[in-house]
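Observations on the three-dimensional arrangement
Here is how the chains run, residue by residue.
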Amino acid sequence: MRDQRDWIKERRDTQIGGHLEMHLSGRQYTVEFVNGLAPARYAIDREHAFNEDNGRVDDAEFSQIVAALKMATHDCFGATVHAYAPSSSVFEIHFRPGMSPFGNGRRVFIEGRLADLMQPELGDGSVVFEYPVRVDGAAPQWVRMRADTITGLDPVA
């Protein structure tokens, strides 16, 4: 960290993530995160990073947050941070025929930032996702999905 007055506190709110409370250079920040895939400890995006006034941070503030988190995760956990710009607010998941855990013909949706983390692992038979999804617009529910059963993720307008 930059000096003895800077600090970061991790708060795990769910099975897949939580938020970080940060004090950097006299400013307060809150950053929502999802668990990163190794070697990343956290996956964060600018749209879910807020200052002390609960306003979204600007590019300079986000760069400062990322730099501080990279330093802290490297020193404390031997890990890094995955910072990205979310590509869409919602994605629809498409499964191989007969492989949907909800049956054929059901529409399955996932939050965009989770989909961004899933993209590189699609098709890998050794990866299992456990994420909350919405089926046919119902309330979110947790489900386990093998990466090799998913054929693609399409952004929903």
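Description of the structure in this document. Numbering of residues starts from 1 in every chain and runs along the sequence as written. Two thresholds apply to this predicted model, a pLDDT of at least 70 for residue-level local features and 80 or more for giving and counting side-chain atom pairs, whereas whole-chain, interface and lining totals are computed over all residues. For the side-chain quantities, the full set of heavy atoms in the structure was used; hydrogens and water were omitted.

**With respect to the nonpolar core**
Note the cut-off: Residues belong to a common nonpolar core when they are buried Ala, Val, Leu, Ile, Met, Phe, Trp, Tyr or Cys residues joined through side-chain atoms within 4.5 Å. Under the scheme applied here, a residue whose accessible area is under 20% of the maximum for its type counts as buried, over 50% as exposed, and between as partly exposed, the area being computed with a 1.4 Å probe on protein chains only. The way it works is that DSSP assigns letters per residue, a run of H or I at least four long becomes a helix, a run of E at least two long becomes a strand, and they are numbered from the N terminus. In this analysis, two residues are considered to be in contact whenever any of their non-hydrogen atoms come within 4.5 Å of each other.
Counting residues in each nonpolar core, the largest one holds 24 residues, and the members touching the most others are I93, I110, V133 and M145. Put simply, the parts of the chain that give this core at least two residues each are β7 (90–95), β8 (108–111), α2 (112–118), β9 (128–135), β10 (141–146) and β11 (150–155). Excluding residues that lie within four positions of it along the chain, I110 makes contacts with S89, V90, F91, I93, A115, M118, Y131, P132 and V133. In this structure, V31, F33, I65 and V81 belong to the second largest nonpolar core, which totals 16 residues.

**A few points about unusual backbone geometry**
Within the chain, S25 stands out as a residue other than glycine whose phi angle is a positive 50 degrees. By secondary structure assignment, the location of S25 is in the loop between β2 (17–24) and β3 (27–35). Backbone geometry at N54 places phi at a positive 65 degrees, although glycine is not the residue there. With respect to the secondary-structure elements, N54 resides in the loop between β5 (49–51) and α1 (59–77).

**Quick look at the packing of aromatic side chains**
Our working definition: Two rings from Phe, Tyr or Trp (for Trp, the six-membered ring) form a pair when their centres are within 6.5 Å of each other. A pair whose planes differ by under 30 degrees is stacked, one over 60 is edge-to-face, and the rest are tilted.
All told, the structure shown has two aromatic pairs when counted by the stated rule. On the numbers, 4.8 Å between centres and 70 degrees between planes, the contact of F33 with Y42 is edge-to-face. Taken individually, F33 and Y42 each receive the classification buried, so the pair is uniform in this respect. With a centroid separation of 5.7 Å and 20 degrees between ring planes, the pair formed by F129 and Y131 is classed as stacked. Of the residues examined, F129 reaches a relative accessible area of 4% and is grouped as buried.

**Focus: the sheet that holds β7**
Keep this limit in mind: DSSP calls a pair of strands paired once it identifies at least 2 bridges connecting them. For every element, the axis is a line fit to its C-alpha atoms; helices are fit only across the contacting stretch, and the angle between N-to-C directions ranges from 0 to 180 degrees.
On the basis of which strands lie adjacent, the open sheet formed by five strands has the order β10-β9-β8-β7-β11 and antiparallel pairing. Every interior strand has two partners, whereas the edge strands, β10 and β11, have only one. Each adjacent strand pair in this sheet contributes to an overall mean axis angle of 45 degrees, direction not counted. Bridge count between β7 and β11: five bridges; the pairing is antiparallel. Its bridge partner being in β11, I93 is matched across the sheet by L153.

**Section: the pattern of salt bridges**
The condition is simple: Each salt bridge in this description consists of a side-chain nitrogen of Lys or Arg and a carboxyl oxygen of Asp or Glu lying within 4 Å of one another.
A full pass over the atoms with the stated rule returns 11 salt bridges. Between R11 and E21 there is a salt bridge whose closest N-O contact spans 3.5 Å. With R11 in strand β1 (residues 7–14) and E21 in strand β2, the pair connects residues that are 10 residues apart, well separated along the chain. Put simply, E130 and R144 hold a salt bridge, and the shortest N to O gap is 3.2 Å. Here the residue E130 occupies a position in strand β9, and R144 occupies one in strand β10, the gap between them amounting to 14 residues. On the basis of relative accessible area, E130 is assigned to the partly exposed category, the value being 36%. What you see here is one network of salt bridges that share partners, running through E10, R12 and R41.

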